[in-house]
Amino acid sequence: MVDNHTLDWNKESLRTLRLRLGWSRSDLAHHLHCSSEEIESWEEGHCHIEVSIKNELELILRQAEACCDEVKYAPFAEHQCDKNALEQIDFSRVKEDLE
């Protein structure tokens, strides 16, 4: 996961996150409770992103990473469930085993 204190939310990282999610500027604006014009302004580098928006972006990024991990590791987790006769398994352990 990304460390909250090292991530620099700028026009590139904002656009990259938006495109990674497959969202339009309007979609991202809806999630951030702002206008698509503000998103455009941030992506063009005309305005700095406010701290409150950066915190929301961090949350969105962490949710995206969690979903990505779930999709990535789900087949292996299912295999482990079958192998362990459907006992519960520790998802973090599955992730560690694959990395």
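Residues numbered from 1 in each chain as written. Predicted model: local features only at pLDDT ≥ 70, side-chain atom pairs only at ≥ 80, totals over all residues. Heavy atoms only, no water.

### Concerning the packing of helix α1 (residues 11-21) against helix α3 (residues 36-43)
We count it as follows: The angle between two axes is taken between their N-to-C directions and runs from 0 to 180 degrees, where each axis is a line fitted to C-alpha atoms and a helix contributes only its stretch in contact. Counting from the N terminus, the helices are the DSSP runs of H or I reaching at least four residues and the strands are the DSSP runs of E reaching at least two. Put simply, angles under 35 degrees are roughly parallel, angles over 145 are roughly antiparallel, angles from 65 to 115 are roughly perpendicular, and the rest are oblique. Any two residues whose heavy atoms approach within 4.5 Å at even a single point are treated as in contact. Only Asp, Glu, Lys and Arg are considered charged, only Ala, Val, Leu, Ile, Met, Phe, Trp, Tyr, Cys and Pro nonpolar, and every remaining residue, Gly among them, polar.
In the contact formed by α1 and α3, the axes pass within 8 Å of each other and the chain directions differ by 125°. Between α1 and α3, the interaxial angle falls into the category oblique. Note on element contacts: α3 touches α1 through I39, W42 and E43, opposite K11, L14, R15 and R18. Split by residue class, the contact of α1 with α3 holds three nonpolar, no polar and four charged.

### Digging into α1
The condition is simple: Three labels apply to residues, based on accessible area from a 1.4 Å probe with only protein chains included: buried if under 20% of the type maximum, exposed if over 50%, partly exposed otherwise in between. This arc is built from the directions going out from the helix axis to the C-beta atoms. Distance and chemistry together define a polar contact, namely a pair of N or O atoms within 3.5 Å, with one atom able to donate a hydrogen and the other to accept it when in protein, and with adjacent residues in sequence counting only for side-chain atoms on both sides.
Taken together, the buried positions of α1 are occupied by S13, L14, L17 and R18. All buried residues of α1 project into a common sector of 135° when viewed along the axis, lining one side. The distance from a side-chain oxygen at the start of α1 to the backbone nitrogen of E12 is 3.0 Å, and the residue carrying that oxygen is N10. Looking one or two residues past α1, G22 carries a phi angle of roughly 75°, positive in sign.

### Quick notes on the layout of surface pockets
Here is the rule: Computed over the protein atoms alone on a 1 Å grid, cavities are sets of points where a 1.4 Å probe fits but cannot get out and pockets are open sets with protein on both sides within 12 Å along at least five of seven lines; a residue lines them when it has an atom within 4 Å of a point. Grid points are joined across faces, edges and corners, and a volume is the space filled by probe spheres set on the points.
Here the largest pocket is characterised by a volume of approximately 160 Å³. Lining the largest pocket are D8, W9, N10, K11, W42, G45, H46, C47, H48, I49 and K54. Looking at the lining of the largest pocket, its residues break down into four nonpolar, four polar and three charged.

### Looking at the confidence of the model for the protein
Note the threshold: Known as pLDDT, the predictor's confidence for each residue is given on a scale from 0 to 100.
Residues with a pLDDT of 70 or more make up 84% of the protein, whose mean pLDDT is 83. When the criterion is pLDDT under 50, residues 1-5 qualifies, and its contacts beyond four places in sequence or with other chains add up to eleven contacts.

### Overview of the nonpolar core
Applied cut-off: For our purposes a nonpolar core is just a set of buried Ala, Val, Leu, Ile, Met, Phe, Trp, Tyr and Cys residues, chained together by side-chain atoms within 4.5 Å.
If you look at the biggest cluster of nonpolar residues, it comprises 15 residues, and the most contacted ones within it are L28, L32, I39, W42, I49 and L57. Broken down by secondary-structure element, the contributors of at least two residues to this core are α1, α2 (25-32), α3 and α4 (51-83). Per-element tally for this core: the top contributor is α4, with four residues. When neighbours within four sequence positions are excluded, L32 is seen to be in contact with I39, W42, I53, E56, L57 and I60.

### Details of unusual backbone geometry
One non-glycine residue, H33, lies in positive phi territory at about 55°. For H33, the position within the fold is in the loop between α2 and α3. Classification of H33 as exposed rests on a relative accessible area of 72%.

### Side note on the pattern of salt bridges
Cut-off, in case you're wondering: A carboxyl oxygen of Asp or Glu within 4 Å of a side-chain nitrogen of Lys or Arg is what we treat as a salt bridge.
With the rule as written, the count across this model stands at five salt bridges. The residue R62 makes a salt bridge to E58 at a minimum N-O spacing of 3.1 Å. Here R62 and its partner E58 are both found in helix α4, four residues apart, which amounts to about one turn of the helix. Exposure remark for R62: the relative accessible area of 27% places this residue in the partly exposed category. A single network of salt bridges, built from pairs that share partners, joins R18, R25, E40, E43 and E44.

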